[in-house]
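Geometric and topological summary
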Amino acid sequence: MPRVAAGFPARDPAPGVIVECRAVSKRFGSRLAVDAVDLEVPPGLCFGLLGPNGAGKTTTLKMIYGVARPTSGSVRVFGIDVAREPRKVRARLGVTLQENSFLERLSPVQNLTVFGRYHLLPPAEIEARSDELLDFLELRSHADLPVTALSGGFKRRLAIALSLMNRPELLILDEPTTGLDPAVRLSLWQRVRELRSEGTTVLLTTHYMEEAERLCDRLVILAEGRVVADGAPRQLIRDVLAPEALELEVAPEDERRVVGDLDGVQRLRSGRRLMLYVRDAAALLETIRHRDDGPARDPGSVIVRPTNLEDVFLALTGTRIEAGEGGAAAVDAGAAA
Amino acid sequence: MRVSPRHAVAVWRRNLALYQRTWKLNLLPNFFEPLLYLVSIGIGVGSYISEMGGTSYVAFLAPGLVAVAAMNGASFEVTYNAFVRLHFEKTYESMLTTPIQPEDVLAGEILWAITRGSIYGGSFFVVIAAVGLAPLPAALWAIPMIPITGLLFAAIGIAFSLRIPSIELFSFYFTLFLTPLFLFSDIFFPLEERLSGVWLWVAEGLPLLHPVRLVRAAFAGEFSPRLLWDLGYIAVVSGVLMVLAARITRRRLMD
Ligand SMILES: Nc1ncnc2c1ncn2[C@@H]1O[C@H](COP(=O)(O)OP(=O)(O)O)[C@@H](O)[C@H]1O
Ligand SMILES: [Mg+2]
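Residues numbered from 1 in each chain as written. Chains lettered and ligands numbered in written order. Predicted model: local features only at pLDDT ≥ 70, side-chain atom pairs only at ≥ 80, totals over all residues. Heavy atoms only, no water.

Turning next to the layout of surface pockets. Roughly 620 Å³ of internal volume is contained in the largest pocket. Forming the walls of the largest pocket are 25 residues, and the residues nearest its centre are Phe60(B), Arg216(B), Ala217(B), Ala220(B) and Glu222(B). Broken down by secondary-structure element, the contributors of at least two residues to the lining of the largest pocket are helix H2 (57-88), helix H8 (209-220) and helix H9 (226-253) of chain B. With five residues, H8(B) is the largest single contributor of residues to the lining of the largest pocket. Residue composition of the lining of the largest pocket, grouped by class: 13 nonpolar, four polar and eight charged. The calculated volume of the second largest pocket comes to roughly 460 Å³. Lining the second largest pocket are 21 residues, and of these Arg105(A), Arg14(B), Leu18(B), Arg85(B) and Glu89(B) sit closest to its centre. Counting only elements with at least two residues in the lining of the second largest pocket, the list comes to helix H1 (5-44), H2 and helix H4 (102-130) of chain B. With seven residues, H1(B) is the single largest residue contributor to the lining of the second largest pocket. (1 Å grid on protein atoms, 1.4 Å probe; cavity = no way out; pocket = protein on both sides within 12 Å on 5 of 7 lines; lining within 4 Å. Points joined across faces, edges and corners; volume = space filled by probe spheres on them. Helix = DSSP H or I, 4+ residues; strand = E, 2+ residues; numbered from the N terminus. Nonpolar A, V, L, I, M, F, W, Y, C, P; charged D, E, K, R; others polar.)

This is the structure in structure tokens:
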């Protein structure tokens, strides 16, 4: 594991909560983008907002750092009412926007300098901080090239570096890894973990359930502006579904014949995929194979795997988070495991 | 929320940092544009005109073109450039993740437009002074009029830019607003001598007329009380439009 090079002062987690949203709603015209969301982000955690596109994640973040005004409800950050004292709140947090925004013709170092000035940092501090961040986010090799010459992964790291210029107590990341390749994603996760271990609270949004599951200590699942579930990722899965999943390719008309009378098995459907949730998926597969020589015998169609957050989302909303596959419908999610 | 001057300066310095990288490309065309008018109209057309307002035609033309250069420099910043920063580059969105507030962004952008206008107007002034068309030292009074002109057109331009939904509309602004101003604001001919009656009053509404008069008066070394009206016009129009812009800025930059 790389040594921590960010040079953050070791910080005791502040007492109380870092972000507190109470029944926050945001209306755009006739559309309720955020609907009575309650949120509590405790200090020192990586906290995730998981949801599909349009769920209201970005809008929720904007209300937290005070750029969108809630239609109703209240937001406190560090115990401060952000609507009253936005400057004070924003001096202590950093935000990586969903869309990068740079001075494209200038270099990463020049971009960091300009951003440091937004925070009114003195020149010596800007120089020292830029230098630390070039190492921490592995930007050194491209420090003096124009940003136009950087790859997507470099740009995303630069965007995160900008939001760390003021040594924020709270780092807000809006879809930090969307569109990045897996290697870059893994290395960004590692940076986030290091920041957290140094006492920075991280609040991120994602529509990747893997990111939410592996990176976040606590989660809120958002769908159509509402919180549909919250808790630790493992706990969330345990609360909603059995621990193992068996996926089969079964047409709806064959479902009754293949698995129709199985007791105590939760079922979800997404298109032609049928998911069965049980304590022991391998055993269930055996049972099904004995009864039927259809889909369960086709090795290409069968997957045995741990239950994940995508399943939870499907169970709770009837739709999928990632890739927006249409036509999915949940069935029979209520059966006890 | 009040403007924080230090944050406004940070916004201004962002633009300066970019300009420092591109000034050679930017400055040259700006330098030549008014010069081309001076040569073509001032010397070319001017050779058919024996005198205008007691001077050669080219000397008549020069002060007005100083004001035009300042107008153009400021206008470009608060129109196309500001629109791109607002809608395409998400520059303001990223500024607002820091303690910068919408009012600081507006103040910084206006300050920057004044700076650009002053670079345009100032460099043109230097050229005409060098070729002896600006009678010194009297014409030095024109120098403070350059940023004042920048302010007026920064305020007008930003109020327009914040309201329009699409970038194509700037062609209306330039072709149907700035170009007529350029042609009818006392620069090429004394407007008053062509107008009478109520039209004289209507003409006083033209924004560019007032900076042109101020610069021309400086070049001539003549003070008249009417210049106070010109200064007052600029102050009031700029002030009102900036208040208006401050209201829209909040709506445009925040949800
Ligand atoms: N400025 C806005 N004006 C109108 N509608 C908006 C605006 N911002 C977001 N929305 C709408 O609010 C909903 C939530 O958007 P957003 O918060 O961006 O979702 P997410 O970040 O989860 O993809 C979407 O339907 C979006 O179209
Ligand atoms: Mg979003």
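The next subject is the coordination of the magnesium ion (ligand 2). Residues and elements named next belong to chain A. Note on the magnesium ion (ligand 2): its protein donors are Thr58 (OG1) and Gln98 (OE1). The metal-donor distances range over 2.0 to 2.2 Å. Taken together, the residues Thr58 in helix H1 (residues 57-64) and Gln98 in the loop between strand E6 (93-96) and helix H3 (108-118) connect sequence positions 40 residues apart. Residue Gln98 is classed as partly exposed on the basis of its relative accessible area of 39%. (Donors = N, O, S within 2.8 Å, 3.2 Å for Na, K, Ca; no water. Buried < 20%, exposed > 50% of the residue type's maximum accessible area, 1.4 Å probe, protein only.)

Take the interface of chain B and chain A next. Buried accessible area, meaning the area lost when the parts come together, often serves as the stated size of an interface. Taken together, the contact between chain B and chain A spans 31 residues of the former and 27 residues of the latter. Across the chain B/chain A interface, buried area totals approximately 2,800 Å², and carbon plus sulfur atoms make up 58% of it. Considering only the side of chain B, the residues that lose the most area to chain A are Thr97(B), Pro99(B) and Asp255(B), jointly responsible for 25% of the buried surface there. Applying the counting criterion to the chain B and chain A interface returns two salt bridges. For Asp255(B), the salt bridge is made with Lys62(A), and the minimal N-O distance between the two is 3.2 Å. Where chain B packs against chain A, one counts 14 residue pairs in polar contact (both at pLDDT 80 or more). Secondary-structure elements contributing two or more residues to the side of chain B that touches chain A are H1, helix H3 (91-95) and H9 of chain B. Looking at which element gives the most residues to the side of chain B that touches chain A, the answer is H1(B), with ten residues. Residue classes in the side of chain B that touches chain A are distributed as twelve nonpolar, eight polar and eleven charged. (Contact = heavy atoms within 4.5 Å. Buried area = accessible area lost by both parts, 1.4 Å probe. Salt bridge = Lys/Arg side-chain N within 4 Å of Asp/Glu carboxyl O. Polar contact = N/O pair within 3.5 Å; in protein donor to acceptor, adjacent residues only side chain to side chain.)

What follows is about the domain arrangement of chain A. Residues and elements named next belong to chain A. When the domains of chain A are assigned, the result is domain 1 (19-232) and domain 2 (236-330). Using only C-alpha atoms to locate each centre, domain 1 and domain 2 end up separated by 35 Å. Interface area lost by domain 1 to domain 2 is led by Met209, Glu213 and Ile221, which between them contribute 39%. For the interface between domain 1 and domain 2, the tally reads zero salt bridges. Applying the counting criterion to the domain 1 and domain 2 interface returns two residue pairs in polar contact (both at pLDDT 80 or more). Counting only elements with at least two residues in the side of domain 1 that touches domain 2, the list comes to helix H7 (209-215), strand E9 (218-223) and strand E10 (226-231). Among the residues making up the side of domain 1 that touches domain 2, the classes are represented as twelve nonpolar, three polar and three charged. (Domains from an automatic or database assignment.)

With that settled, the discussion passes to the pairing of strand E11 (residues 244-249) of chain A. Alignment of E11(A) against strand E13 (residues 273-278) of chain A, held across six bridges, turns out to be antiparallel. Opposite Leu248(A), over in E13(A), you have Leu274(A) as the bridge partner. (Pairing = 2+ DSSP bridges.)

Residue and element names in this part refer to chain B. Put simply, H4 and helix H5 (residues 142-161) touch, their axes get as near as 8 Å, and they point 135 degrees apart. Between H4 and H5, the angle falls in the class oblique. When the axes of H4 and H5 are compared, the crossing they make is right-handed. Where H4 abuts H5, its residues Leu106, Ile110, Ala113, Ile114, Gly117, Ser118, Gly121, Gly122 and Phe125 lie against Ala142, Ile143, Ile146, Pro147, Gly150, Leu151, Ala154 and Ile158. The residue inventory of the contact of H4 with H5, partitioned by class, reads twelve nonpolar, five polar and no charged. (Axes fitted to C-alpha atoms, helices over the stretch in contact; angles between N-to-C directions. Parallel < 35°, antiparallel > 145°, perpendicular 65-115°, else oblique. Left-handed = near helix turned anticlockwise from the far one by under 90°.)

Let's shift gears to the site of ligand 1. Near ligand 1, the surroundings consist of Phe28(A), Arg31(A), Ala33(A), Pro52(A), Asn53(A), Gly54(A), Ala55(A), Gly56(A), Lys57(A), Thr58(A), Thr59(A) and Asp255(B). In this structure, ligand 1 is bordered by residues of chains A and B. Contact between ligand 1 and Lys57(A): an oxygen atom at 2.8 Å from a main-chain N or O atom of the residue. Breaking the shell around ligand 1 down by element, the ones donating at least two residues are strand E2 (31-41) and H1 of chain A. Ranked by residues supplied to the shell around ligand 1, first place goes to H1(A) with three residues. For the shell around ligand 1, the residue count by class is four nonpolar, five polar and three charged. (Near = heavy atom within 4 Å.)

Note on helix geometry: an α-helix contains 3.6 residues per turn, so any two residues three or four positions apart are oriented the same way. All names here are of chain A. Most of helix H11 (residues 309-317) sits out of view: seven of its nine residues are buried. Where H11 is concerned, the buried positions are Leu309, Glu310, Asp311, Val312, Phe313, Leu314 and Ala315. The N-cap of H11, judged by a side-chain oxygen 2.9 Å from the amide nitrogen of Glu310 a few residues on, is Asn308. Backbone geometry just downstream of H11 places Gly318 in the positive-phi region, at approximately 80 degrees.

Residue and element names in this part refer to chain A. Summed over the entire model, instances satisfying the criterion amount to 37 salt bridges over all chains. Close ionic contact of Arg191 with Glu138 constitutes a salt bridge, the shortest N to O distance being 2.8 Å. A residue pair is termed long-range when its members are at least 10 positions apart, and Arg191 in helix H6 (residues 182-197) and Glu138 in the loop between helix H4 (123-136) and helix H5 (152-163) qualify at 53 residues. By relative accessible area, Glu138 is classed as partly exposed at 44%.

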